[in-house]
Amino acid sequence: MKAQSRDCPVILSSPLRGPRSMRGISLIEVLVAVVVLSIGLLGVAAMQSVALRGGQSSLETSQAVMQTNAILDAMRANSANAAAYNTGGMVCTAPAGGSVAESDLQTWITDLKSNIANTAADATTCGQITGCPEACVITIQWDDSRAGGGNERRVVTRTTI
């Protein structure tokens, strides 16, 4: 016969609870989990909205810089008449094209409205050219409130022809 060691007790009962104490999760715990999950999803949706508005504002700024480069290239191509591109003030409607400079300005304002404002009837997208050919200042302004920015956004470029 083997002698049993008194150092190792024999476990006769399971440490698990009985079937009466294991009933699952309560309805309150489910409701709390659903509330926490919905608050998290609302936060993700709000972050997505802010990111989309910021992306739209960035796109409009990039379009304004590209339109500035476009009119500068047109002015450099017609550098003998660079002074004819000066507008004197903000131009919000495309002028009638007669000379090369007037046709370039008409195309520029039309492109500004179609690329930044997405509508030709938008009165807030305007352009201005002053000081050419020695110290050209090209200003483009538009309403940025839809994209989450301020009411008026401006891109100003200074160069010489």
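These remarks concern the structure in this document. (Residues numbered from 1 in each chain as written. Predicted model: local features only at pLDDT ≥ 70, side-chain atom pairs only at ≥ 80, totals over all residues. Heavy atoms only, no water.)

**So, the packing of helix 1 (residues 27-77) against helix 2 (residues 100-117)**
Formally: Angles run from 0 to 180 degrees between N-to-C directions of axes, and those axes are lines fitted to C-alpha atoms, restricted for helices to the stretch in contact. Runs of H or I in DSSP of at least four residues are treated as helices and runs of E of at least two as strands, each being numbered from the N terminus. Here roughly perpendicular refers to angles of 65 to 115 degrees, roughly parallel to angles under 35, roughly antiparallel to angles over 145, and oblique to all remaining angles. Any two residues whose heavy atoms approach within 4.5 Å are treated as being in contact. The residue classification treats Ala, Val, Leu, Ile, Met, Phe, Trp, Tyr, Cys and Pro as nonpolar and Asp, Glu, Lys and Arg as charged. All others, Gly included, are polar.
One can describe the packing of helix 1 onto helix 2 by two numbers: an axis separation of 10 Å at closest approach and a directional angle of 170°. Comparing the axis directions of helix 1 and helix 2 gives the class roughly antiparallel. Touching Glu60, Gln63, Ala64, Gln67, Thr68, Ile71 and Ala74 of helix 1 are Asp104, Leu105, Trp108, Asp111, Leu112, Asn115 and Ile116, all from helix 2. Across the contact of helix 1 with helix 2, the residue classes break down as seven nonpolar, four polar and three charged.

**Considering the state of the cysteines**
The line we're drawing: Note on disulfides: each one is a pair of cysteine sulfur atoms within 2.5 Å. With a 1.4 Å probe rolled over the protein chains alone, any residue whose accessible area is under 20% of its type maximum counts as buried; one over 50% counts as exposed, and the rest are partly exposed.
A complete count under the given rule lists two disulfides for this structure. In this model cysteine 92 forms its disulfide with cysteine 126; the gap between the sulfur atoms is 1.8 Å. In this structure, the disulfide formed by cysteine 92 and cysteine 126 twists by about 100° around the S-S bond and is classed as right-handed. Placement of the pair is cysteine 92 in the loop between helix 1 and helix 2 and cysteine 126 in strand 1 (residues 126-130), with a sequence separation of 34 residues. Residue classification places cysteine 92 among the partly exposed positions, given a relative accessible area of 25%. Between the sulfur of cysteine 132 and that of cysteine 136 lies a disulfide, 1.9 Å long from S to S. Neither residue differs from the other here; cysteine 132 and cysteine 136 are each classed as buried. Cysteine pairing for the protein (bonded cysteines numbered in sequence order): 1-2, 3-4.

**Some thoughts on the environment of cysteine 132**
Within the secondary structure, cysteine 132 sits in the loop between strand 1 and strand 2 (136-142). In this structure cysteine 132 comes out as buried when scored by relative accessible area, which is 5%. Expressed as a C-alpha distance, the spacing of cysteine 132 and methionine 75, which sit 57 residues apart in the sequence, is 9.3 Å. Discounting chain neighbours no more than four positions away, the residues touching cysteine 132 are Met75, Ala82, Ala83 and Asn86.

**Remarks on the pattern of salt bridges**
To keep it simple, the criterion reads: Salt bridges are defined by distance alone: a side-chain nitrogen of Lys or Arg within 4 Å of a carboxyl oxygen of Asp or Glu.
Enumeration over the complete set of coordinates arrives at two salt bridges. Between arginine 153 and aspartate 144 there is a salt bridge, with its nearest N and O atoms 3.2 Å apart. Since its relative accessible area comes to 0%, aspartate 144 is described here as buried. A salt bridge links glutamate 152 to arginine 154; the nearest nitrogen and oxygen atoms lie 3.0 Å apart. Residue class for glutamate 152 comes out partly exposed when judged on its relative accessible area of 48%. In this structure arginine 154 comes out as partly exposed when scored by relative accessible area, which is 45%.

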